[in-house]
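Understanding the architecture of this molecule
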Amino acid sequence: MHDIQNETDSRGIELDQVGISGLRYPVYFEDGYLRQDGIADIAITVRLQHDRRGTHMSRMVALAHDHLQRFDPRQLPQVLKAGADLLDAPAVTVTVAMPISTTVVAPASGRESKQVHDVRIEGHWDNGDVTVVTAVTSEVTSLCPCSKAISDYGAHNQRSRITLNVTGQGDSPYPLPVQSAVRLLTSSASAPVVPLVKRADERVLTMQAYDHPVFVEDMARDVSLACRDRGLRHSVRIRNLESIHSHDAVAYVAG
């Protein structure tokens with residue numbers, strides 16, 4: 001059959017990205033620390049040469065089927081190279097987004113439960129240069145230092161959503177595993193978010209938060225400082241889902 005996508009295009013315009021998104025596909029995630037089955041949301045795009053009418057999107061689905069069903073972020077550079085060869089493209093971007101859970105232990109009762117984090121890993125191959133950005137979004141508890149300081153007793157606290165992006169390159173495409181990122185984010189907060197708590201756990205978590213008040217600014221700086229100490233190229237975005245205000249508090253930093 002005639003290959004229409006391979007027809008020559010005379011308009012002379014290169015497309016930065018063209019391909020597929022919203023491909024939901026079963027993926028087994030394994031990064032050396034966490035191993036989980038799930039359904040991922042996958043996007044694959046290429047930079048389309050100025051003289052090519054189209055790309056072969058069916059080959060992108062084939063790439064996901066053949067190379068992403070067992071997904072190890074450390075191996076993403078090889079997947080990108082395979083995609084560039086398969087699609088005959090000068091640049092390829094592959095994004096895999098899926099929820100990943102970690103085990104949380106309640107501080108008093110010792111009961112285990114699962115906390116779910118949103119993970120998005122985007123790899124970009126451009127004529128042999130590889131960049132991989134791992135984004136982890138997790139929830140923690142923050143307690144307001146100002147509220148604590150001005151109140152006779154108590155202080156307002158809330159859940160906070162933190163997104164940490166870490167960029168890897170070359171021989172180190174995945175420098176901070178998801179599990180390590182979660183621990184880093186939790187350590188910046190007043191207290192962790194624990195799905196299953198008994199009364200004794202609630203008491204411990206409430207007092208822990210009261211003893212460790214942090215502004216959204218404090219958390220952003222602490223996460224960034226921890227990344228800088230590790231030599232990680234990163235960005236941090238935080239949203240406090242404020243409990244007594246009609247607005248949220250936000251912070252962003254890159255380093």
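A brief report on the enclosed structure follows.

A separate point is the overall build of the protein chain. The helix and strand inventory of the protein chain stands at six helices and ten strands. Considering only C-alpha atoms, the protein chain reaches an extent of 75 × 35 × 35 Å along its principal axes. Residues classed as buried in the protein chain amount to 46% of the 255 residues present. Relative to all contacts within the protein chain whose residues are 6 or more apart in sequence, the contacts with residues 24 or more apart total 65%. For the protein chain, the accessible area works out to roughly 13,500 Å², and carbon and sulfur atoms hold 48% of it. Charge-centre separation for the protein chain: the mean point of 26 positive side chains lies 5 Å from the mean point of 31 negative side chains.

What follows is about empty space enclosed by the protein. For the coordinates displayed, the defined rule picks out one cavity of 30 Å³ or more. Taken as a whole, the largest cavity spans an internal volume of roughly 30 Å³. The wall of the largest cavity is formed by T134, V136, L164, V166, L176, P177, V178 and A181.

Another point: the environment of V136. Tracing the backbone shows V136 in strand 6 (residues 129–143). According to the relative accessible area criterion, V136 is buried, its value standing at 1%. Counting along the chain gives 45 residues from V136 to A181, while the straight-line C-alpha distance between them is 7.0 Å. Leaving out residues up to four positions away in the same chain, V136 has contacts with H117, D118, I162, T163, L164, V178, A181, V182 and L185.

Turning to the layout of surface pockets, a few remarks are in order. A volume near 290 Å³ is recorded for the largest pocket. Taken together, 17 residues form the lining of the largest pocket, with T141, N157, E202, L205 and T206 sitting closest to its centre. Within the residue set of the lining of the largest pocket, elements represented by two or more residues are strand 6, strand 7 (157–169), strand 8 (191–192) and helix 5 (199–211). Ranked by the residues each element gives to the lining of the largest pocket, the list is headed by helix 5, at five residues. In terms of residue class, the lining of the largest pocket is made up of ten nonpolar, five polar and two charged.

On to unusual backbone geometry. One non-glycine residue with positive phi stands out, namely D88, at about 50°. Take D88: it is sitting in the loop between helix 2 (76–87) and strand 4 (91–105). Unusually for a residue other than glycine, N127 sits at a positive phi of about 50°. Assignment of secondary structure puts N127 in the loop between strand 5 (112–126) and strand 6.

Now for helix 4 (residues 178–187). Along helix 4, the residues that are buried comprise V178, A181, V182, L184 and L185. Projected onto a plane normal to the axis of helix 4, the buried residues spread over an arc of 160° and lie on a single side. For helix 4, the exposed residues set more than 90 degrees away from the buried face come down to R183 and S187. The elements touched by buried residues of helix 4 are strand 1 (15–30), strand 4, strand 5, strand 6, strand 7 and helix 6 (216–229).

Rules behind the numbers
Residues numbered from 1 in each chain as written. Predicted model: local features only at pLDDT ≥ 70, side-chain atom pairs only at ≥ 80, totals over all residues. Heavy atoms only, no water. Helix = DSSP H or I, 4+ residues; strand = E, 2+ residues; numbered from the N terminus. Buried < 20%, exposed > 50% of the residue type's maximum accessible area, 1.4 Å probe, protein only. Contact = heavy atoms within 4.5 Å. Areas by Shrake-Rupley, 256 points an atom, 1.4 Å probe, with all protein chains shown as cover. Lys, Arg positive; Asp, Glu negative; His and termini not counted. Charge placed at Lys NZ, Arg CZ, Asp CG, Glu CD. 1 Å grid on protein atoms, 1.4 Å probe; cavity = no way out; pocket = protein on both sides within 12 Å on 5 of 7 lines; lining within 4 Å. Points joined across faces, edges and corners; volume = space filled by probe spheres on them. Nonpolar A, V, L, I, M, F, W, Y, C, P; charged D, E, K, R; others polar. Arc of directions from axis to C-beta.

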